[in-house]
Amino acid sequence: MKFKISLAGLKARWKDYLVLFSGMLMTTAIFYMFEAVSTNNAFTTASRVGQNAKFVFIFGSVLLSLITIVYIFYANNFLMSMRKHDYGLFMMLGAKPSVISRLIMTETLIIGVGSTVIGIILGWGLTKGISGLLVSQLDITLTHFHALYVPAIRATFILFIILFLIAGSLNAITFFRTSALQLLKSQQQSDWKPAKKLILAIEALLGVALLAGGYYAMYDIEELKIMSIPIGLVTIVLGTYFVFNSFFIMLLTILQRSSIGKKGLNSFTIAQLKFRIKDYTKILSVVSLLFALALGAITVGIGFQQMAPKLAAGNSPYALALTNPTHKMRSMINNLDHATQTTYQQKVVGKTVYYRQQQLKAQPLKYAYFKSNDVAKAAVKSIGLNELRDPQSEEYLSAQRLQAPQFQSFQLKAVSDDNFSHMQAQPKQLLVVAVKDMNSQSKQLTKIFNLESQRTSSKYIEMLPGSFSIYQQVKGIFASVQFMGIFLGIAFLAMLASCLMFKILSGTTTDKRRFEMLNKIGTKKSALRHSIMIQVFGLFGLPAILGLIDVAFGLQMFEQSNMLYGSYQIFSWSAIAFVVLYLIYYGLTVLIYSRIVVPRTKVEK
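The structure presented is a predicted model; accordingly, all values stated were derived computationally and were not measured.

Draft legend 1. Region of the structure containing the overall build of the protein chain. For the protein chain, the count of helices and strands is 23 helices and seven strands. Buried residues in the protein chain amount to 51% of all 605 residues. A separation of at least 24 residues holds for 82% of the contacts in the protein chain among residues at least 6 apart in sequence. Carbon and sulfur atoms make up 63% of the accessible area of the protein chain, which totals about 29100 Å².

Draft legend 2. Examining the sheet that holds strand β3 (residues 352–356) more closely. If you walk across this open sheet you meet the five strands as β1-β7-β2-β3-β6, and the pairing is mixed. The strands lining the two open edges of the sheet, one partner per strand, are β1 (320–323) and β6 (411–415). Taken over all neighbouring pairs, the strand axes of this sheet differ in orientation by 30 degrees on average, direction set aside. Bridge count for strand β2 (residues 339–349) against strand β7 (residues 428–435) is eight bridges, and the pairing is antiparallel. Counterpart to Gln-345 in the pairing with β7 is Gln-429.

Draft legend 3. Region of interest: a nonpolar patch on the surface. A surface patch of nonpolar side chains, about 590 Å² in accessible area, is lined by Val-113, Val-117, Ile-118, Ile-121, Trp-124, Leu-148 and Phe-157. With five residues, the single largest contributor to the nonpolar patch is helix α5 (residues 97–138). Tracing the sequence through the fold places Val-113 in helix α5.

Draft legend 4. Layout of the pattern of salt bridges. Scanning the model with the defined rule gives three salt bridges in all. Its salt-bridge partner being Asp-417, residue Arg-356 comes within 3.5 Å of it at the nearest N-O pair. You can see Arg-356 sitting in strand β3 and its partner Asp-417 sitting in helix α17 (residues 417–422), a full 61 residues away along the chain.

Draft legend 5. Inspection of the side chain of Ser-469 at higher detail. Looking at the element boundaries, Ser-469 is found in helix α19 (residues 467–505). Once you skip the residues sitting within four places of it in the chain, Ser-469 turns out to touch Phe-449 and Leu-464.

Draft legend 6. Up close: helix α21 (residues 525–554). When the terminal C-alpha atoms of α21 are compared, their 43 Å separation across 30 residues agrees well with the 44 Å that a helix rising 1.5 Å per residue should span. A bend of about 25 degrees at Gly-541 is the largest found in α21, and the proline Pro-543 appears one to four places after it.

Draft legend 7. Structural context of the environment of Phe-540. Its place among the elements puts Phe-540 in helix α21. Residues Phe-540 and Ile-504 lie 36 residues apart in sequence; the distance between their C-alpha atoms is 9.8 Å. When near neighbours in sequence (up to four residues on either side) are disregarded, Phe-540 contacts Ala-497, Leu-500, Met-501, Ile-504, Tyr-582, Tyr-585, Tyr-586 and Thr-589.

Draft legend 8. Just the packing of aromatic side chains, in detail. Throughout the structure, instances matching the rule amount to 13 aromatic pairs. Between Tyr-241 and Phe-242, the ring centres sit 5.8 Å apart and the planes meet at 70 degrees, which makes this aromatic pair edge-to-face. Overall, the relative accessible area of 32% leaves Tyr-241 in the partly exposed class. Residue classification places Phe-242 among the buried positions, given a relative accessible area of 18%. Feature note: the residues Phe-291, Phe-537, Phe-540, Phe-578, Tyr-582 and Tyr-586 constitute an aromatic cluster, connected by ring pairs. Positioned above the aromatic ring of Phe-420, the side-chain terminus of Lys-347 is 5.0 Å from the ring centre.

Draft legend 9. Quick peek at the packing of helix α13 (residues 327–334) against helix α18 (residues 442–454). Contact geometry of α13 with α18 gives a least axis separation of 10 Å together with a crossing angle of 165 degrees. Taken together, the axes of α13 and α18 lie roughly antiparallel to each other. For the pair α13 and α18, the sense of crossing is left-handed. Residue-level inspection shows Lys-328, Met-329, Met-332 and Ile-333 of α13 in contact with α18, the latter providing Gln-444, Lys-447, Ile-448, Leu-451 and Glu-452. Of the residues that constitute the contact of α13 with α18, the class distribution is five nonpolar, one polar and three charged.

Draft legend 10. Seen up close, the pairing of β3. Within β3, five of the five residues are buried, which leaves the element mostly enclosed by the surrounding structure. Taken together, the four bridges between β2 and β3 define a ladder with antiparallel strand orientation. Counted as the bridge partner of Gln-346 is Tyr-355 from β3. Connecting β2 to the antiparallel partner β3 that follows it, the hairpin turn spans two residues, and Gly-350 within it adopts a positive phi of roughly 65 degrees.

Draft legend 11. Representation of the confidence of the model for the protein chain within the structure. In this model, the protein chain carries a mean pLDDT of 77, and residues with pLDDT of at least 70 account for 78%. For the protein chain, the element scoring lowest by mean pLDDT is helix α7 (residues 180–184), at 50; β3 scores highest, at 91.

Draft legend 12. A look at the packing of helix α8 (residues 197–219) against helix α10 (residues 228–257). Between α8 and α10, the least distance of the axes is 6 Å, while the angle of their chain directions is 140 degrees. The orientation of α8 with respect to α10, classified from their angle, is oblique. Note that α8 runs across α10; the crossing there is left-handed. Here the contact of α8 with α10 is built from residues that sort into 17 nonpolar, ten polar and three charged.

Draft legend 13. Expanded view of unusual backbone geometry. Phi is positive for Asn-324, which is not a glycine, with a value near 50 degrees. You can see Asn-324 is positioned in the loop between β1 and α13. Residue classification places Asn-324 among the partly exposed residues on the basis of a relative accessible area of 33%. Phi is positive for His-338, which is not a glycine, with a value near 55 degrees. Following the sequence through the fold, His-338 ends up in the loop between α13 and β2. For His-338, a relative accessible area of 62% puts it in the exposed group.

Draft legend 14. The arrangement of the environment of Ser-267 in detail. You can see Ser-267 is positioned in helix α11 (residues 266–275). Taking the C-alpha atoms as reference, Ser-267 lies 6.0 Å from Gln-256; in sequence the two are eleven residues apart.

Parameters at a glance
- Residues numbered from 1 in each chain as written.
- Predicted model: local features only at pLDDT ≥ 70, side-chain atom pairs only at ≥ 80, totals over all residues.
- Heavy atoms only, no water.
- Helix = DSSP H or I, 4+ residues; strand = E, 2+ residues; numbered from the N terminus.
- Buried < 20%, exposed > 50% of the residue type's maximum accessible area, 1.4 Å probe, protein only.
- Contact = heavy atoms within 4.5 Å.
- Areas by Shrake-Rupley, 256 points an atom, 1.4 Å probe, with all protein chains shown as cover.
- Pairing = 2+ DSSP bridges.
- Axes fitted to C-alpha atoms, helices over the stretch in contact; angles between N-to-C directions.
- Patch = residues over 30% accessible without salt bridge, like charges linked within 9 Å, V, L, I, M, F, W, Y side chains within 5 Å.
- Salt bridge = Lys/Arg side-chain N within 4 Å of Asp/Glu carboxyl O.
- Expected span 1.5 Å × (residues − 1).
- Bend = angle between axes of the 7 residues up to and from the residue.
- Phe/Tyr/Trp six-rings, centres within 6.5 Å; stacked < 30°, edge-to-face > 60°.
- Lys NZ or Arg CZ within 6 Å of the ring centre and 35° of its normal.
- Parallel < 35°, antiparallel > 145°, perpendicular 65-115°, else oblique.
- Left-handed = near helix turned anticlockwise from the far one by under 90°.
- Nonpolar A, V, L, I, M, F, W, Y, C, P; charged D, E, K, R; others polar.
- pLDDT = per-residue confidence, 0-100.

Here it is in structure tokens:
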């Protein structure tokens, strides 16, 4: 009987439950995506990407678990806010509190089990799609990575069922202890408490000071070193909370007293925001911080990936240095776009590699070096004959690294053409290749590099000359950072936006009566919808703005320490993409909110 009543309740409010159900699907899917990586030991031990991602994904899973707990309880509040009046009527008609409690538990578990099972299936699809897209875009290999992973399924299912059992039990206990009259009047209860002006002013000043201190700590990383991170973390977290708990209220109060607040429904809109401001302070602070974390992870990940060719270029001006390249190699090199190739004759006698002086004068070898400590700015300089006579010079050591791996410990000497011709040794050729854009030529360079690797002894494989070898190593590490950054960013954005959405929607039942009254006195529905858009935009916009400011100052840590180059250009594009996704959640929230609170009965003429 209880099961039938539960199904009847779900059927009667299926549109509202559909919102809740779809949100839970996405939450489960995102959590499964994380577990598919963090619980896969074969992947994390066999893959370079996995080895770098292991700790971050475990940390991400823990953080995501905490966000999931918050999300489920917000979604659960949304569910209960829709059903309080119904349960109160059941109790007024004679239903026992114990029966209502079991009914609540049944409804919660039906939604929980259904959304968890379907969410895992959706998570499997998302994991396969997103990982495949990132692999193709980043040109990386994920060894032993499986989108469908049984331990991840088990961990996701167990966690969500436990959370729904806890949520259902808490709901049951709450309703068991609440009278029917309280349930029927629950929509009339208010959490409003007027704030004291002095406390608001102190919190506002403290919040701004803490944020300023945190931003300065990140900017002054050269002096503060590692301490800038904990200082920035503590001050920005506390500063964010105080700013939302004070500035928001003060701003609304100023707006309410201004001429803007007296136009149309602005006074009502501002009062709506002030009515629940204390209840929103914590969630807005968390959303702002997670917004900054997610956007920062994507920006830094992409930034590090784009640093790979710059780091490689600072180690050698030549992408490849091949000794006696094969005909196939030469043919592939000729197909490179905007490539410069130079050939040098050499002979190896004993432990010495000899070159022609005239050839080196006509086409001197070059070496690259970083200007000061800036890894983004590399300079190229020609190697003169005098530098080749000094085994301790950087130029000499750079020329040594261009030799075949087995000759890199040999001495280098430049001799006249006559001496070179009379040497009793088989002549060799050193072909050096420089390219303008290593990223665009990476596929062709990889093929050439692989051919060279195949004819090189395994003990020398790590010593292959040229900057492309370094490029591959750096790109492998940074690709994992970008993979993690994008994965983390997408997941956190979806979770934080979902949490905020359901936090806002959980108050719709109390707003319904107010909008009904406005409708009865002739307020146009267009004005009601406009009021909703402004309310929701304020709640979505403020944490996003502060989050963007956090990232803008946070990037100074990488800029000042010369770890990233051009990060603000990357930040601008990633911020645009992030805001677009964020606005999708905003639009969805406005639509759902409007459908719930705006009366369907048309009173206006």
